[in-house]
Amino acid sequence: MTTTDNRHNPDTETASKTMHAIVHRSFGPPQASLTYQVVDKPSISDDEVLVRVRAAGVAIGDWLTVMGLPYVARPQYGLLAPKHPIPGYEMAGIVETVGAGVTGLQPGDEVFGWGNATLAEYVAIPASQLTTKPSNLTLEQSAAVPISGLAALEGLRDSGGLRPGQRVLITGASGAVGTFAVQIAKALGAEVTGVVSTGNVEMVRSIGADDVIDYTTAAITDSGSRYDLILDLAGNRSLGELRRALTPSGTLVIVGGSGGRWLMGFGRTVRAGALSPFVRQRLRPFISKPTLENLETLRGLIESGQVTPVIDKTFPLRDTATALDYLASRHTRGKSVITI
Ligand SMILES: NC(=O)c1ccc[n+]([C@@H]2O[C@H](COP(=O)([O-])OP(=O)(O)OC[C@H]3O[C@@H](n4cnc5c(N)ncnc54)[C@H](OP(=O)(O)O)[C@@H]3O)[C@@H](O)[C@H]2O)c1
């Protein structure tokens, strides 16, 4: 990653009209396509809040956005060049100023939320996309919550219809979404089985999984157990294999995907949606739609001690490209965080 300009002096940053940010001008490997540089601070509209970002969570979705993958998602990212010149989807920080129409938040409040362009010292975020951070978490921990925590909550409860007492299988249970999903499923009263590699078996047990399948030594169908809900985060099993592990009227929620650069599992998701009306099992494609109500639900689960973010590594803002390369391994544990 290139560092192009260091004019900025942190001692005068509050008064300054500029800030440091990660800038993304073309799709490709993070080291080649991201720069750490000084840009103009964002301005806010009446319904927005200017936040001094202290930490920003990153996940595989950030790497995909920088790469412009899969190609089928390019209209969403920008056809020829990135739509958002500053990447990042979530953050935690301190309110600097609020727009004229914003109520309930004021300068100095410690907040967390989701939005665009969070890999920067300041971000303008709609007031409807942030709220007070959990009282028992640091800003660094809080920044890890919104995107992955909301995907886990929505996938299990809203798409999956999870009810107390049900048996749920979570593939990719040790990753960013998975570590939230294990804890949220337990909080919702489920019996939870996580699917992980050998080195993550104990970690996933320690965050509450009742049972763990080590996918390096067993298939999800080997034990003969059947699950009411499968949350498929790993995205690398066939529909047939996943359906064989479901009860006859069980629900499969397809969150992750893997495969070629054009579709990355999108074909499997489309096939599941097309097949679902003709079988008893419910096969549900999933696209996260974050809401403030759900973020507040997550805050409640965190403050009651039922959910704690699992933080893998932290990186300074200027090393964002290194962080994204690390995430691309797809064997990270929990969430990585950029500190600012
Ligand atoms: N549709 C949406 O709105 C939405 C929202 C959020 C995320 N997603 C997608 O959901 C997926 C998960 O996201 P994430 O951020 O949690 O990813 P992640 O952190 O990169 O997940 C990595 C995890 O996957 C596990 N894994 C790798 N190979 C596996 C296998 N063969 N079987 C089981 N687990 C395996 C790894 O565990 P081991 O190291 O133990 O192998 C690791 O813990 C991604 O595809 C992401 O793009 C979709």
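Our structure's up above, just so we're on the same page.
Residues numbered from 1 in each chain as written. Predicted model: local features only at pLDDT ≥ 70, side-chain atom pairs only at ≥ 80, totals over all residues. Heavy atoms only, no water.

**A short note on the overall build of the protein**
Step number 1: Scanning the protein for helices and strands turns up 11 helices and 16 strands.
Step number 2: A compact globule built from 340 residues would reach a C-alpha radius of gyration of about 20 Å, and the protein, at 20 Å, matches this within 12%.
Step number 3: In terms of overall dimensions, the protein has C-alpha extents of about 65 × 40 × 35 Å along its principal axes.
Step number 4: Here the protein holds 340 residues, and 53% of them are scored as buried.
Step number 5: Long-range contacts, defined here as pairs at least 24 residues apart, represent 67% of the contacts in the protein between residues at least 6 apart.
Step number 6: Here the protein has roughly 14300 Å² of accessible surface; of this, 52% comes from carbon and sulfur atoms.
Step number 7: A gap of 8 Å separates the mean positions of the 31 positive and 31 negative side-chain charges of the protein. (Helix = DSSP H or I, 4+ residues; strand = E, 2+ residues; numbered from the N terminus. Rg over C-alpha atoms; globule rule 2.2 N^0.38 Å. Buried < 20%, exposed > 50% of the residue type's maximum accessible area, 1.4 Å probe, protein only. Contact = heavy atoms within 4.5 Å. Areas by Shrake-Rupley, 256 points an atom, 1.4 Å probe, with all protein chains shown as cover. Lys, Arg positive; Asp, Glu negative; His and termini not counted. Charge placed at Lys NZ, Arg CZ, Asp CG, Glu CD.)

**Focus on the site of the ligand**
Step number 1: Contacts to the ligand come from 26 residues, most closely from Ser174, Ser197, Tyr215, Asn236 and Arg330.
Step number 2: A distance of 2.8 Å separates an oxygen atom of the ligand from a polar backbone atom of valine 177.
Step number 3: Phenylalanine 286 places a main-chain nitrogen or oxygen 2.9 Å from a nitrogen atom of the ligand.
Step number 4: A total of 920 Å² of accessible area belongs to the ligand in isolation, and the protein chains cover 87% of it.
Step number 5: When residues of the shell around the ligand are traced back to their parent elements, those giving at least two are helix 6 (176-187) and strand 10 (191-196).
Step number 6: A breakdown of the residues in the shell around the ligand according to their chemical character gives 13 nonpolar, 11 polar and two charged.
Step number 7: A domain-level breakdown of the shell around the ligand finds at least three residues from each of domain 1 (2-145 + 309-339) and domain 2 (148-285). (Near = heavy atom within 4 Å. Polar contact = N/O pair within 3.5 Å; in protein donor to acceptor, adjacent residues only side chain to side chain. Nonpolar A, V, L, I, M, F, W, Y, C, P; charged D, E, K, R; others polar. Domains from an automatic or database assignment.)

**Here we look at the nonpolar core**
Step number 1: Counting 45 residues, the largest nonpolar core has Leu156, Val168, Ile170, Val182, Ile184, Ala185 and Val204 as the members making the most contacts within it.
Step number 2: In terms of residues, this core owes the most to one element, helix 6, which gives six residues.
Step number 3: In contact with valine 168, not counting residues within four places along its chain, are Leu156, Leu162, Ala185, Ala190, Glu191, Val192, Thr193, Tyr227 and Leu229.
Step number 4: In this structure, Ile22, Phe27, Met91 and Val95 belong to the second largest nonpolar core, which totals 32 residues. (Core = buried A, V, L, I, M, F, W, Y, C linked by side-chain atoms within 4.5 Å.)

**Side note on the sheet that holds strand 11 (residues 211-214)**
In any sheet, the strands associate via hydrogen bonds between backbone groups, in a parallel or an antiparallel arrangement.
Step number 1: Read from one edge of the open sheet, six strands run 11-10-9-12-13-14, paired in parallel fashion. Two strands in the sheet have a free side with no partner beyond their single neighbour: strand 11 and strand 14 (282-285). Neighbour-to-neighbour, the strand axes of the sheet open up by a mean angle of 15°, direction not taken into account.
Step number 2: Lying on the sheet, helix 6 is in contact with strand 9 (167-171), strand 10 and strand 12 (227-232); it crosses strand 9 at an angle near 170°. (Pairing = 2+ DSSP bridges. Axes fitted to C-alpha atoms, helices over the stretch in contact; angles between N-to-C directions.)

**Section: the packing of aromatic side chains**
Step number 1: What the rule picks out here adds up to two aromatic pairs.
Step number 2: A centroid spacing of 4.9 Å and a plane angle of 75° characterise the contact between tyrosine 71 and tryptophan 262, whose relative ring orientation is edge-to-face. Linking tyrosine 71 in the loop between helix 2 (60-67) and helix 3 (74-77) with tryptophan 262 in the loop between strand 13 (246-254) and helix 9 (266-275), this pair joins segments that are 191 residues apart in sequence.
Step number 3: Centroid distance phenylalanine 315 to tyrosine 326: 6.2 Å. Interplanar angle 50°. Geometry classified as tilted. Taken together, the residues phenylalanine 315 in strand 15 (residues 311-316) and tyrosine 326 in helix 11 (residues 320-327) connect sequence positions 11 residues apart.
Step number 4: For tyrosine 326, a relative accessible area of 24% gives the class partly exposed.
Step number 5: Just above the ring of tyrosine 122 sits the side chain of arginine 52; from NZ or CZ to the centre is 5.5 Å. (Phe/Tyr/Trp six-rings, centres within 6.5 Å; stacked < 30°, edge-to-face > 60°. Lys NZ or Arg CZ within 6 Å of the ring centre and 35° of its normal.)

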